[in-house]
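Each chain is listed here by its residues.
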Amino acid sequence: MNTPAPVLSRRDFTKTTLLAGAAAAAAPLVNAAESPRRIRTGVIGCGSVSNAYLPVLTKSPFVEVVSLCDIKPERAQRQAERFKVANTYPNIDAMLKGVPFDFLVVLTDMQVHEEINRRGIEAGKHVWSEKPIANTLAVGQEFLRMAKAKGVRLWGAPITVQSPQFAFMAKQLQAGALGRVAAAHAFYGHEGPSWSAFFYEKLGGSMPDLAVYNFTSLTGLLGPVKRVTAMLSIVTPERTVDDKGRIKVAEEDNAMVLMDHGNGVISHVQSGFNYFNPHGHEGRNETRHTIQVIGSKGYMGLVGYDWEPLGVDLATMDQPALKRHQTDAQGYIWQQGAALAAECLSTGKELLVTPEQALHVLEIITAARESAATGRRVDLKSSFKWPVV
């Protein structure tokens, strides 16, 4: 009698692949015949974030990094030597004409994601983009139509909904452990990056760099947002950065965003580049509740940042003392989004991360800027499949 293979949910698949990926990174595959299909991958953008992505991509059994690209060729060459990548290119044109590849990983300054993602999709490449995918919802939706017509896939960071801590929180909410959910609050901030001007230039800002994580987590937990009200400001009008010296700040470095999820649920996100934080950009020592969800019968607090969570504290009417849960990361790290997408391309399985949710988060950011500029509440048009389980 044949026993049918178990059917994995997207959540179970993610857990399995995270653990398998960690094991694969630690030990080589012993049987070449059993090796998975490796996705030929090109990475564009060899600045700071490539130091987080490339170690994971080059260790993944589902990835073959065949080329690197950067408008500063010496950066691409340096990373190529470090990670033993054979081909480097100085721009997207040369990259697309160069050694063939199937999967484009975009790690450039956020202002040029839209242009590069378009070029990648037009060239028939699957695309993983650091946030944001595009500058407007309309362009992002155009990209989805283009990708479907080309038969390619599009994903965008961040991947906070993949963590086991997010899964625990989502499960508690779906089970009604908190009673009637009323409100949520999230925050993420530090003193601001010093290495590049793009964080402060037009289309930069604290929302697409920092709040995007909280927007992703809260919409994943509470559902799509119906309308947004926001107040934004520039606290520090000039800054000194490594690449351009003294610059004027053109986008918000301080954001307060109210979101109406419907059914009476309201959430609030604050982000900024003027927040003293003794841990700087590191998340491993952050032990505050950076996400709080409050209901009529309970409270949940995410310990640490949602991109590097350390656990979840839960208190309910039945068990009013806070108890910590889900302290095991189970292989989750924020840097592995592109590697997980490559695994999906190799195996046909699906992630919890979707481009539709990434574009909904993008619309929250653009709506917040419209609200701050006009003083009005702004209704949203986009949505995504929810609950995220």
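Remember, predicted model here, so these are calculated numbers, not experimental data.

Conventions we followed
- Residues numbered from 1 in each chain as written.
- Predicted model: local features only at pLDDT ≥ 70, side-chain atom pairs only at ≥ 80, totals over all residues.
- Heavy atoms only, no water.
- Helix = DSSP H or I, 4+ residues; strand = E, 2+ residues; numbered from the N terminus.
- Buried < 20%, exposed > 50% of the residue type's maximum accessible area, 1.4 Å probe, protein only.
- Expected span 1.5 Å × (residues − 1).
- Contact = heavy atoms within 4.5 Å.
- Pairing = 2+ DSSP bridges.
- Phe/Tyr/Trp six-rings, centres within 6.5 Å; stacked < 30°, edge-to-face > 60°.
- Axes fitted to C-alpha atoms, helices over the stretch in contact; angles between N-to-C directions.
- pLDDT = per-residue confidence, 0-100.
- Core = buried A, V, L, I, M, F, W, Y, C linked by side-chain atoms within 4.5 Å.
- Parallel < 35°, antiparallel > 145°, perpendicular 65-115°, else oblique.
- Nonpolar A, V, L, I, M, F, W, Y, C, P; charged D, E, K, R; others polar.

With that out of the way, let us pick up the environment of Pro320. Locating Pro320 in the fold gives a position in the loop between β15 (311–316) and β16 (323–325). Look at Pro320 and you get exposed, because its relative accessible area is 64%. Here the alpha-carbon distance between Pro320 and Gly298, two residues 22 residues apart in the chain, equals 8.0 Å.

Side chains three or four residues apart in an α-helix point the same way, a direct result of the helix having 3.6 residues per turn. An ideal rise of 1.5 Å per residue puts 20 Å on 14 residues; helix α6 (residues 137–150) measures up with 20 Å between its terminal C-alpha atoms. In this fold, the buried residues of α6 make contact with α5 (113–122), β6 (154–156) and α10 (355–374).

A few words on the pairing of strand β13 (residues 289–295). The element β13 is largely enclosed, with a buried count of five among its seven residues. Across five bridges, strand β7 (residues 181–189) lies against β13 in antiparallel orientation. Bridge pairing in β13 places Ala184 opposite Val293. Note that β13 and strand β14 (residues 298–303) share five bridges and pair antiparallel. Bridge pairing in β14 places His289 opposite Val303.

Another point: the environment of Thr287. For Thr287, the location among the structural elements is in the loop between β12 (265–272) and β13. Sequence-wise, Thr287 and Glu363 are 76 residues apart; in three dimensions their C-alpha atoms are separated by 30 Å.

A separate point is the packing of aromatic side chains. Under the definition given, this model contains ten aromatic pairs. The interplanar angle of 70 degrees and the centroid separation of 5.8 Å between the aromatic rings of Tyr188 and Tyr213 together place this pair among those described as edge-to-face. Pair noted here: Tyr188 is in strand β7 and Tyr213 is in helix α8 (residues 206–222), with a separation of 25 residues, a long-range link. The exposure class assigned to Tyr188 is buried, which follows from its relative accessible area of 7%. Relative accessible area serves as the criterion here: at 10%, Tyr213 is assigned to the buried category.

Taken together, the nine strands give an open sheet; going across it, the order is β16-β15-β14-β13-β7-β12-β11-β8-β17, and neighbouring strands pair in mixed fashion. Each end of this open sheet is capped by a strand with a single partner; those strands are β16 and β17 (378–379). Each of β7, β8 (227–233), β11 (254–262), β12 and β13 touches α8; the most contacted strand, β12, lies at about 160 degrees to it. Strands β8, β11 and β17 of the sheet are contacted by α10, whose axis makes an angle of about 65 degrees with β8.

Here six strands make up an open sheet; going across it, the order is β3-β2-β1-β4-β5-β6 and the pairing parallel. Edge positions in the open sheet fall to β3 (87–89) and β6, since each of these has one partner strand only. On average, each strand axis in the sheet is inclined to that of its neighbour by 25 degrees, with strand direction left out of account. Sheet contacts for helix α2 (residues 50–59): β1 (39–44), β2 (63–69), β4 (103–106) and β5 (126–129); angle to β2, the most-contacted strand, approximately 145 degrees.

Let us now look at the confidence of the model for the protein. As a note on interpretation, predicted positions should not be read in detail where pLDDT is low. Overall, the predicted model of the protein reaches an average pLDDT of 93, with 92% of residues at or above 70. Considering each helix and strand of the protein separately, the mean pLDDT is smallest for helix α1 (residues 10–26), with a value of 50, and largest for β4, with 99. The model gives residues 1–8 a pLDDT under 50, and that stretch makes three contacts with residues more than four places away or in other chains. Predicted confidence for residues 21–33 stays below pLDDT 50, and this span has five contacts to residues more than four positions away or in other chains.

Core analysis: the biggest nonpolar cluster contains 85 residues, and Trp128 and Phe215 have the highest contact counts within it. Ranked by residue count, the leading element in this core is α8, at nine residues. What Phe215 contacts, discounting residues up to four positions off in sequence, is Met207, Val257, Met259, Val269, Val361, Ile364 and Ile365. One finds Phe101, Leu137, Phe143 and Val152 within the second-largest nonpolar core, a separate group that totals 24 residues.

Before going further, it helps to spend a moment on the packing of helix α7 (residues 164–174) against α8. At their nearest, the axes of α7 and α8 sit 9 Å apart, and the two run at 30 degrees to each other. In terms of orientation, α7 lies roughly parallel with respect to α8. Of α8, the residues touching α7 (which contributes Phe166, Met169, Ala170 and Leu173) are Ser217, Gly220, Leu221 and Leu222. Taken together, the residues of the contact of α7 with α8 sort by class into six nonpolar, two polar and no charged.

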